[in-house]
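# Architecture at a glance
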Amino acid sequence: MSLTAGIVGLPNVGKSTLFNAITKKNILAANYPFATIDPNVGVVVVPDKRLEFLEKLYMPKRVVPTSYEFTDIAGLVKGASLGEGLGNQFLSHIREVDAIVEVVRCFRDPNIIHVEGDVDPIRDIEIINVELMLADLEVVNNRLNKVGKKAAMSKDKEAKLEVELLQKAKELLEKNIPLRKMELSEEEEKTIRNFHFLTIKPIIYMANVSEEDLLTNGNAYVEKVKAYAKEEGSFVVPVCAKIESELSELNEEDKLLFLQDLGIKESGLDQLIHATYDLLGLSTFFTAGSDECKAWTFKKGMKAPACAGIIHSDFERGFIKAEVTSFIDLESCGTDKAVKEAGKLRLEGKEYVMQDGDICLFRFNV
């Protein structure tokens, strides 16, 4: 269950520079609009100190962390849905991601062109968000044109539910309201997933600031973005593309020293990962042993059989029990043997709700 995000924004806001930095890829990042045409995909490892502890304890043949996949697409401009700039056809590349990362320019620099002429992060956000809504509206209208009349004449309950749901979505989009604001029943949630709407996805705003502003906790532009995000229940991660680029060239030890020298606790990438996990309600469980130590991402509230199914569908289908140790208990006891002697190893059944940091061995029979 890898985490995926699509990176969007106006041209020249630092989108590709940040993508290069966080994924350590060498994608063209030029000072002119539409330098990125083909979608770029990069994968980063999700850092987790707990996995490092497990590696030292078990000395496994391999260690597999969880990952975060980013897709960077061409910059959008006002009127993209009508063909302005490069149009909005590249949005199809991010329809199946878990979240949208919207890069917003929050710095002044006369040497870097702004496609709208001046710096105004709220205007920029609304341009992008309107284009995302128009792209979703196009999907809604196309589907209604295809199945609307047929569903009205049919007695098929599923078809009628779909059309009613699409009509509800259309009303919201035509009022410039993103679909994440929709109140959905469990049945409607299952139906709407099939359309991979962009505006139903959670959004994180990456406020790209100057080095000076990052070190002094932002600026007036960032505060405006935070206020905007708070109203819609989104997150903001202030980041400096220049600093992220420098960090990407360093090994882990030098990176930590560099951050300490700057007085920064975490890199922009690490903040983005934590923000995304919080926004999506994600946690991590582990499987560990001499062959392999592996981290697995799951949604909070998932029960043991469903988490077993993340590893393999047979594990869920034939689930019997889960042997569970919390990471905190293993860390404090030091060894598997000490965990058992302390009575900290548990056998959990089908109703057990998995917790962040659980280390599991699943028993199954198919």
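To start, this report covers the structure provided alongside it.

Our focus in this paragraph is the sheet that holds strand E7 (residues 235–239). Hydrogen bonding along the main chain pairs the strands of a sheet, whether they run parallel or antiparallel. Read from one edge to the other, the open sheet built from six strands follows the order E2-E4-E1-E5-E6-E7, with strand pairing classed as mixed. In the strand order of this sheet, the two ends are held by strand E2 (40–45) and E7, each with one partner. Across the sheet, the axes of successive neighbouring strands diverge by a mean angle of 25°, strand direction being ignored. In the sheet, strand E5 (residues 99–105) pairs with strand E6 (residues 203–208) via six bridges, with the strands oriented parallel. Paired with Arg105 across the bridge in E6 is Asn208. Sitting on the sheet, helix H1 (residues 15–23) is in contact with strand E1 (3–8), E2, strand E4 (67–72), E5, E6 and E7, with an inclination near 40° to E2.

Another aspect to go through is the pairing of E1. Of all six residues that make up E1, six are buried, and the element is covered over most of its length. Of the two faces of E1, the one carrying Leu3, Ala5 and Ile7 and the one carrying Thr4, Gly6 and Val8 are both buried. Relative to E4, E1 runs parallel, the two sharing five bridges. Residue pairing across strands places Gly6 opposite Thr71, the latter belonging to E4.

Time to look at the nonpolar core. Membership of the largest hydrophobic core comes to 56 residues, with the highest contact counts inside it found for Tyr68, Phe70, Ile94 and Cys106. Ranked by residue count, the leading element in this core is helix H10 (residues 268–280), at six residues. Contacts of Phe70, omitting those with residues within four sequence positions, involve Ala5, Ile7, Phe19, Ile22, Thr23, Asn40, Val41, Gly42, Val44, Leu269 and Leu272. Judged by nonpolar contacts, the second largest core, of 16 residues, contains Val147, Val163, Leu165 and Leu166.

Moving on: the packing of aromatic side chains. For any pair of aromatic rings, the description consists of the separation of the ring centres together with the inter-plane angle of the planes. Tallied over the full model, the rule gives nine aromatic pairs. Relative to Phe70, the ring of Tyr68 lies with its centre 4.2 Å away and its plane at 15°, an arrangement referred to as stacked. Accessibility classification places Tyr68 together with Phe70 in one group, the buried group. With centroids separated by 6.2 Å and ring planes inclined at 80°, the aromatic side chains of Tyr205 and Tyr228 adopt a geometry described as edge-to-face. You can see Tyr205 sitting in strand E6 and its partner Tyr228 sitting in helix H7 (residues 220–232), a full 23 residues away along the chain. Accessibility expressed as a relative area gives 0% for Tyr205, which makes it buried. Judged by relative accessible area, which is 22%, Tyr228 ranks as partly exposed. Each residue in the set Phe285, Trp296, Phe298, Phe319 and Phe362 is aromatic and connected to the rest through ring pairs, giving one cluster. If you follow Arg105 out to its NZ or CZ, it ends over the ring of Phe107, 4.5 Å from the centre.

Okay, the packing of helix H8 (residues 241–248) against helix H9 (residues 252–262) next. Between H8 and H9, the least distance of the axes is 9 Å, while the angle of their chain directions is 150°. Both H8 and H9 take part in a crossing whose hand is right-handed. On H9, the residues touching Ile243, Glu246 and Leu247 of H8 are Lys255, Phe258, Leu259 and Leu262. A breakdown of the residues in the contact of H8 with H9 according to their chemical character gives five nonpolar, no polar and two charged.

Rules behind the numbers
- Residues numbered from 1 in each chain as written.
- Predicted model: local features only at pLDDT ≥ 70, side-chain atom pairs only at ≥ 80, totals over all residues.
- Heavy atoms only, no water.
- Pairing = 2+ DSSP bridges.
- Helix = DSSP H or I, 4+ residues; strand = E, 2+ residues; numbered from the N terminus.
- Axes fitted to C-alpha atoms, helices over the stretch in contact; angles between N-to-C directions.
- Contact = heavy atoms within 4.5 Å.
- Buried < 20%, exposed > 50% of the residue type's maximum accessible area, 1.4 Å probe, protein only.
- Core = buried A, V, L, I, M, F, W, Y, C linked by side-chain atoms within 4.5 Å.
- Phe/Tyr/Trp six-rings, centres within 6.5 Å; stacked < 30°, edge-to-face > 60°.
- Lys NZ or Arg CZ within 6 Å of the ring centre and 35° of its normal.
- Left-handed = near helix turned anticlockwise from the far one by under 90°.
- Nonpolar A, V, L, I, M, F, W, Y, C, P; charged D, E, K, R; others polar.

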